[in-house]
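# Geometric and topological summary
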Amino acid sequence: MRYGRGPEVLSDISLSLPRGSFHFVTGSSGAGKSSLLKLIYLAARPSSGGVRLFGQDVTSMPASDLPHIRRRIGVVFQDLLLLDHLSAFDNTALPLRIAGHKASEYRNDVAELLAWVGLGGRMQALPPTLAGGEKQRLAIARAVVNRPEILLADEPTGNVDHDMSMRIYRLFVELNRLGTTVIIATHDQDLVARSGRPVLHLDKGRLKPVAPKAPAA
Amino acid sequence: MSESFDPARWRPAPFLPQDDARDPALLFVVAVLCFLACLAALGALAGDRAAHGWSGQLLGEATVIVRPRGGETPDAAAARAAEALAAVPGVSEARALEREKAYDLIRPWLGDVSDLEDLPVPRLVSVSLDAKAPATAAQLDKALKGQGLDAVVDDHTRWIKDIRRAADVVRATAAVVFLLVAAAAGAVVAFATRAGLAARRDVVEVLHLTGAEDGQIAGLFELRFARIAAVAGGIGALGAAGLGALLRLIGGGQGVTPALPVAWLDLLVVLPCPLLAALVAAVAARLTARRLIKGL
Ligand SMILES: Nc1ncnc2c1ncn2[C@@H]1O[C@H](COP(=O)(O)OP(=O)(O)OP(=O)(O)O)[C@@H](O)[C@H]1O
Ligand SMILES: [Mg+2]
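Computed from a prediction, not measured in an experiment: that's the story for all the values here. (Residues numbered from 1 in each chain as written. Chains lettered and ligands numbered in written order. Predicted model: local features only at pLDDT ≥ 70, side-chain atom pairs only at ≥ 80, totals over all residues. Heavy atoms only, no water.)

This part takes up the overall build of chain A. Within chain A one finds seven helices and eight strands. Looking at the 217 residues of chain A, the share that counts as buried comes to 53%. In chain A, 69% of the contacts between residues at least 6 apart in sequence involve partners at least 24 apart. Only carbon and sulfur atoms are counted for the fraction: they give 49% of the accessible area of chain A, which is about 9900 Å². (Helix = DSSP H or I, 4+ residues; strand = E, 2+ residues; numbered from the N terminus. Buried < 20%, exposed > 50% of the residue type's maximum accessible area, 1.4 Å probe, protein only. Contact = heavy atoms within 4.5 Å. Areas by Shrake-Rupley, 256 points an atom, 1.4 Å probe, with all protein chains shown as cover.)

For the rest of this paragraph, the subject is the packing of aromatic side chains. Applying the stated rule across the entire model yields six aromatic pairs over all chains. Summarising the aromatic geometry, the rings of phenylalanine 89 of chain A and tryptophan 10 of chain B are spaced 4.8 Å apart at their centres and angled 55° between planes, so their arrangement reads as tilted. Of this pair, phenylalanine 89 of chain A sits in helix H3 (residues 88-98) while tryptophan 10 of chain B sits in the segment before helix H1 (24-59), placing the two residues on different chains. Phenylalanine 89 of chain A sits in the buried class, given a relative accessible area of 0%. Three or more aromatic residues joined by ring pairs form one cluster here, namely Phe22, Phe24 and Tyr169 of chain A. The side chain of arginine 72 of chain A reaches across the aromatic face of phenylalanine 54 of chain A, ending 3.9 Å from its centre. One cation-aromatic arrangement involves arginine 197 of chain A over phenylalanine 22 of chain A; the distance from NZ or CZ to the ring centre is 4.4 Å. (Phe/Tyr/Trp six-rings, centres within 6.5 Å; stacked < 30°, edge-to-face > 60°. Lys NZ or Arg CZ within 6 Å of the ring centre and 35° of its normal.)

With that settled, consider the coordination of the magnesium ion (ligand 2). Note on the magnesium ion (ligand 2): its protein donors are Ser34 of chain A (OG) and Gln78 of chain A (OE1). The metal-donor distances range over 1.8 to 2.1 Å. One end of the pair, serine 34 of chain A, is in helix H1 (residues 33-40); the other, glutamine 78 of chain A, is in the loop between strand S4 (73-76) and H3, and 44 residues separate them in sequence. (Donors = N, O, S within 2.8 Å, 3.2 Å for Na, K, Ca; no water.)

All names here are of chain B. Here four strands make up an open sheet; going across it, the order is S2-S3-S1-S4 and the pairing antiparallel. Edge positions in the sheet fall to strand S2 (91-96) and strand S4 (150-154), since each has one partner strand and no second. Ignoring which end each strand starts from, the neighbouring axes of this sheet average 20° apart. Here strand S1 (residues 61-67) runs beside S4; their pairing, made up of five bridges, is antiparallel. The residue of S4 that forms the bridge with threonine 63 is aspartate 154. (Pairing = 2+ DSSP bridges. Axes fitted to C-alpha atoms, helices over the stretch in contact; angles between N-to-C directions.)

Attention now goes to the environment of lysine 208 of chain A. Within the secondary structure, lysine 208 of chain A sits in strand S8 (residues 206-208). With sequence-adjacent residues up to four places away left out, lysine 208 of chain A is seen in contact with His201 and Asp203 of chain A.

It is worth spelling out the side chain of asparagine 176 of chain A at this point. All names here are of chain A. You can see asparagine 176 is positioned in helix H6 (residues 162-177). A polar contact of 3.1 Å, which involves the side chain of asparagine 176, links it to the backbone oxygen of glycine 20. Among the polar contacts listed, one links the side chain of asparagine 176 to the backbone oxygen of serine 21, at a separation of 3.1 Å. If we skip the residues at most four places from it in the chain, asparagine 176 touches Gly20, Ser21, Phe22, Thr181, Val182 and Arg197. (Polar contact = N/O pair within 3.5 Å; in protein donor to acceptor, adjacent residues only side chain to side chain.)

On to the sheet that holds strand S5 (residues 150-154) of chain A, then. Residues and elements named next belong to chain A. The strand order S4-S5-S6-S1-S7-S8 describes an open sheet built from six strands, whose pairing is mixed. Strand pairing shows two members of the sheet lacking a second neighbour, S4 and S8, which therefore form its edges. When strand polarity is set aside, the average angle formed by the axes of neighbouring strands in this sheet is 20°. Where strand S1 (residues 22-26) lies against strand S7 (residues 199-203), three bridges are found, and the strand directions are parallel. Paired with valine 25 across the strands is leucine 200, a residue of S7. In the packing of helix H5 (residues 132-144) onto the sheet, the strands contacted are S4 and S5, and the crossing angle to S4 comes to about 175°.

What follows concerns the pattern of salt bridges. On inspection of all chains with the given rule, the structure shows 15 salt bridges over all chains. Between arginine 194 of chain A and aspartate 190 of chain A there is a salt bridge, with the nearest N and O atoms lying 3.7 Å from each other. Residue arginine 194 of chain A and its partner aspartate 190 of chain A are both found in helix H7 (residues 189-195); the two are separated by four residues, about one turn of the helix. Residue aspartate 190 of chain A is classed as partly exposed on the basis of its relative accessible area, which comes to 41%. One salt bridge connects aspartate 150 of chain B with arginine 67 of chain B, and the closest N-O pair in it is separated by 3.3 Å. Residue aspartate 150 of chain B is found in strand S4, and its partner arginine 67 of chain B is found in strand S1; the two are separated by 83 residues along the sequence. Judged by relative accessible area, aspartate 150 of chain B falls into the partly exposed class, the value being 24%. (Salt bridge = Lys/Arg side-chain N within 4 Å of Asp/Glu carboxyl O.)

It is worth spelling out the interface of chain B and chain A at this point. Taken together, the 25 residues of chain B in the interface contact 28 residues of chain A. Of all residues in chain B, the largest losses of buried area upon contact with chain A belong to Trp10, Phe15 and Leu209 of chain B, amounting jointly to 27% of the total for that side. Put simply, chain B and chain A have one salt bridge between them. Here arginine 71 of chain A makes a salt bridge to glutamate 213 of chain B, at a shortest N to O gap of 3.9 Å. Where chain B touches chain A, the interface holds ten residue pairs in polar contact (both at pLDDT 80 or more). In terms of residue count, helix H6 (residues 201-209) of chain B provides more of the side of chain B that touches chain A than any other element does, seven residues in total. Taken together, the residues of the side of chain B that touches chain A sort by class into 16 nonpolar, four polar and five charged. (Buried area = accessible area lost by both parts, 1.4 Å probe. Nonpolar A, V, L, I, M, F, W, Y, C, P; charged D, E, K, R; others polar.)

The following block contains the structure:
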């Protein structure tokens, strides 16, 4: 893929991830990790080739069908994309509202989830008043609140300490255990190594195999 | 920091920040446009009424110019003409105007000629026509010819045509002004939507990536601008109606002048303004937002 008329930032990527798998995406800064995730969460289209999600070719799909695909995907954006004028609670509830659920159906779940990520006391706080790590946890809460079938997380542990990082990792593992396909882009080699999960390593926009585990290609 | 937040009492907050919705500049511009549109509508109504009044007056009367012939004095000829005309069906009254009236009419062209007794000044006969079934010019003409009178009938057709044309022009002008103003309001809202979308790119992007349909996102802007326009429409309409009422009060029963007779009922024409403004704004915002979102 490429941005506008820029150079190709991802080339010759060919991969297929089974449902329910758990992968890390690694690579140095600028290698194209975020770009790869954007292709999957449908924020970008490949300049050539195609993307299949849930057994459907989403590249040739009419744009009006994409929202329903997007609702099945949870994303922790690298720059979080929290809405500053909405409370932590409202930010978290956003995907549920968009999907058309009633407030009465989900407000307790939202409160529970926020408590679980350690924001139980900050549910009415606006994102600008939250600490970096708190924002990150809020973004994670929003990404998982709708029990997505695919969870994409772009540097979800960039701003948190080791303990919180492990806690977040365990949340992802829990979701994965419940059937969610998880893909995490990270620089956190420590986390990758501890997890023992398969790694997709990007180098200048190309997929490189890593020892000892080969990427599920 | 502790808080006593009860999720059961939580109400979803609007996706778009609320303070954006009180955009005073946009409110002002749309209110002014609505004010102008309402004035155009009021002007059209008043112009129409004035035209009706004038042509009604003119339709109800005709003027006959009688030229004395042979040895007959002008007064005698005029009297004979009046008598003949009064007998025509559809004429309610025919009255020979005194000599002075005739002199008054030609004085602007000939100066004071009242002392030239022997000048064959034509006499006028003023004819009032039956409002229900007015006599035609041809009928009047025939009656005069039958009496061997040399007379010209003027049933004011030419003036009525002119007035009708003037009324049409007033109406057309008002319609054009109205359409222009509506288009300008739409353009302003489209512009504001573009600005609003750019200012709230974050919201649009998050909603879009979270699976909101284009229509859902466009709907937020549509609703917001429809609301602003409705309020602005109300303000503009009130202003125009207020001005109309003022004209009516100053001008008494006739309106400011007989040329612009505003009736109390005319003021109701501003009523649909808020609704129309909201509609125009909603359509403009929807189209603009949809086009911009499609480009995401
Ligand atoms: N919106 C954009 N427009 C143009 N070029 C972009 C854009 N986003 C990324 N790029 C370019 O694409 C390449 C890959 O960027 P990408 O964000 O995918 O890297 P990354 O692996 O996520 O890096 P990091 O670890 O710093 O987040 C880089 O060369 C970057 O400059
Ligand atoms: Mg990145």
